[in-house]
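# Observations on the model geometry
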Amino acid sequence: MPALFSWEFASDPYPAYAWLREHAPVHRTTLPSGVEAWLVTRYADARQALADQRLSKNPVHHAEPGKTGIPGERSAGLMTHLLNIDPPDHTRLRRLVSKAFTPRRVAAFAPRVQELTDRLIDGFAGRGSADLIHEFAFPLPIYAICDMLGVPAEDQDDFRDWAGMMIRHGGGPRGGVARSVKKIRGYLAELIHRKRGDLGDDLISGLIRASDHGDHLTEAEAVAMCFVLLFAGFETTINLIGNGTYALLRHPEQRALLQSSLAAGETGLLETGVEELLRYDGPVELATWRYATTGLTIGGQPIPAGDPVLVVLAAADRDPDRFGAPDTLDLARKDNQHLGYGHGIHYCLGAPLARLEGQTALATLLTRLPDLRLGADPDELRWRGGLIMRGLRTLPVEFTPSAPRHG
Ligand code: HEM
């Protein structure tokens, strides 16, 4: 039985996941926090569990509520968001947010994402080396979502600092994080209040306007919604860009194929490629918490009511019963129904934005810095292995210096 949640595990969890899929596909384990939970690692079981409404997202269904170690669990109100609730409340909130956070709004945002991407690359293009996590993958999603929400430019660096604090502490329930969460809540409440009197084109104004048969988001619901949009979307997208770039640098043939297809002005390989990077080494290792509301079985394994169930997306997405040559990175992979964005009613609301950011970031990096290469020995790279996310702490790169695009 391989050791789970160790340092070695964080840098390469896939051998352990292969072992679990084979020998203990629904496996009860003790998490680093001391909480006992079931890990579901096979694709078929994972997909079924994600869609099983007897598995609740609401922590009140945990046998020992209050002990899950979910960051901010006790911040009443703010945590009443999509990822912690079930139908019918979830259905109602998801319908309202979907009126404002539309694929159309995301598509219209593409030029802004390109501009942000170029501006960040301008910051280091002339230098010949950079840490792609700190200088690129980290700031891009936070500035993008702040912009989309309508957070004024002069306040966006505060969000960058808050986000940095949350990420450095792995989202753990420490004092600094609790203070950050409180600050963000206060800031968002005030911003939403201000926007209410002066609606614009931004997403917060869209959320305030959103109505479904006369129903609207309350002030507290709007704050919690902005919070989940910020925090479901930043560490995930950092890891998509970080893990994705790293995988490309480690697979020169695949990277060369992508570069020549981009040079020919094609986008097909970029689109399938970003999906494949999500499958191959996705940002979200484990889907967020679920709790059995009743006794049930998964893959033949009885699960008692009250037990937490964690669906291991990263294990399911390498299941040889679902994917041919699952450990091979194939940017052109067809039939790639990966679970990187989840499945069922909690399927990632931000997937269109994540795809836009991932595609723009990777295409622009490879086009502007065509000889991009790793600036460190892969064995020296450290991985941030929180329970839910998996990503690189730093990604040192080198390249031939080039001129900024925007002077
Ligand atoms: C839900 C992955 C980016 C907002 C989810 C879930 C996954 C996921 C796996 C489902 C969790 C579960 O069922 O327990 C990702 C990945 C991303 C990404 C891999 C980037 C590559 C984003 C972005 C946003 C976002 C950019 C918003 C700006 C959300 C929200 C939910 C969600 C609001 C909850 C949906 C619901 O419960 O109805 N995401 N996400 N995500 N994601 Fe994402």
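Residues numbered from 1 in each chain as written. Predicted model: local features only at pLDDT ≥ 70, side-chain atom pairs only at ≥ 80, totals over all residues.

## Side note on the pairing of strand β1 (residues 26-30)
Across five bridges, the pairing between β1 and strand β2 (residues 36-40) is antiparallel. Counted as the bridge partner of valine 26 is valine 40 from β2. Hairpin connection between β1 and β2: a loop of five residues separates the two successive antiparallel strands, and glycine 34 in this loop has a positive phi of roughly 95°. (Pairing = 2+ DSSP bridges. Helix = DSSP H or I, 4+ residues; strand = E, 2+ residues; numbered from the N terminus.)

## Examining the site of the ligand
Neighbouring residues of the ligand: 27 residues in total, closest Gly233, Thr236, Gly342, Cys348 and Gly350. When contributions to the shell around the ligand are tallied by element, the ones reaching two or more residues are α12 (219-250) and α16 (351-368). In terms of residue count, the dominant contributor to the shell around the ligand is α12 (seven residues). Its residues assigned to classes, the shell around the ligand comprises 17 nonpolar, nine polar and one charged. (Near = placed C-beta within 6 Å. Nonpolar A, V, L, I, M, F, W, Y, C, P; charged D, E, K, R; others polar.)

## Things to note about the environment of glutamate 398
Topologically, glutamate 398 is positioned in strand β12 (residues 396-398). The spacing of glutamate 398 and leucine 372 is 26 residues in sequence and 5.9 Å in space, taken between C-alpha atoms.

## Focus: the sheet that holds strand β8 (residues 308-311)
The strand order β1-β2-β8-β5-β3 describes an open sheet built from five strands, whose pairing is mixed. For this open sheet the edge positions go to β1 and β3 (55-56), each flanked by a neighbour on one side alone. Of the strands in this sheet, β1, β2, β3 and β8 are in contact with helix α3 (residues 43-51), which crosses β8 at around 125°. (Contact = placed C-beta atoms within 7 Å. Axes fitted to C-alpha atoms, helices over the stretch in contact; angles between N-to-C directions.)

## Considerations on the sheet that holds strand β9 (residues 373-374)
Taken in spatial order, the three strands line up as β4-β12-β9 in an open sheet, and their pairing is antiparallel. Of all the strands in the sheet, the pair left with one neighbour each is β4 (129-131) and β9. In terms of strand pairing, β4 meets β12 through three bridges, oriented antiparallel. Looking at β12, one finds that aspartate 131 is bridged to proline 396.

## Considering unusual backbone geometry
Cis peptide bonds are those with omega within 30 degrees of zero, and the linkage from proline 87 to proline 88 qualifies with 5°. With respect to the helices, strands and loops of the structure, proline 88 is situated in the loop between β3 and α4 (89-100). In this structure, histidine 213 takes a positive phi of about 50° despite not being glycine. Looking at where histidine 213 falls in the secondary structure, it is placed in the loop between α11 (203-209) and α12. Residue alanine 325 is not a glycine yet carries a positive backbone phi of 40°. By the secondary structure assignment, alanine 325 is in the loop between α15 (313-316) and α16. You can call alanine 325 exposed: it has 9 C-beta atoms within 10 Å. (Buried ≥ 20, exposed ≤ 12 C-beta atoms within 10 Å, placed from the backbone.)

## With respect to the packing of α12 against α16
Close contact between α12 and α16 brings their axes to 10 Å; oriented N to C, the two are set at 35°. Crossing of α12 over α16 shows right-handed handedness. Of α16, the residues touching α12 (which contributes Gly233, Thr236, Thr237, Leu240, Ile241, Gly244 and Thr245) are Leu353, Ala354, Glu357, Gly358, Ala361, Leu362 and Leu365. For the contact of α12 with α16, a count of residues per class yields seven nonpolar, six polar and one charged. (Left-handed = near helix turned anticlockwise from the far one by under 90°.)

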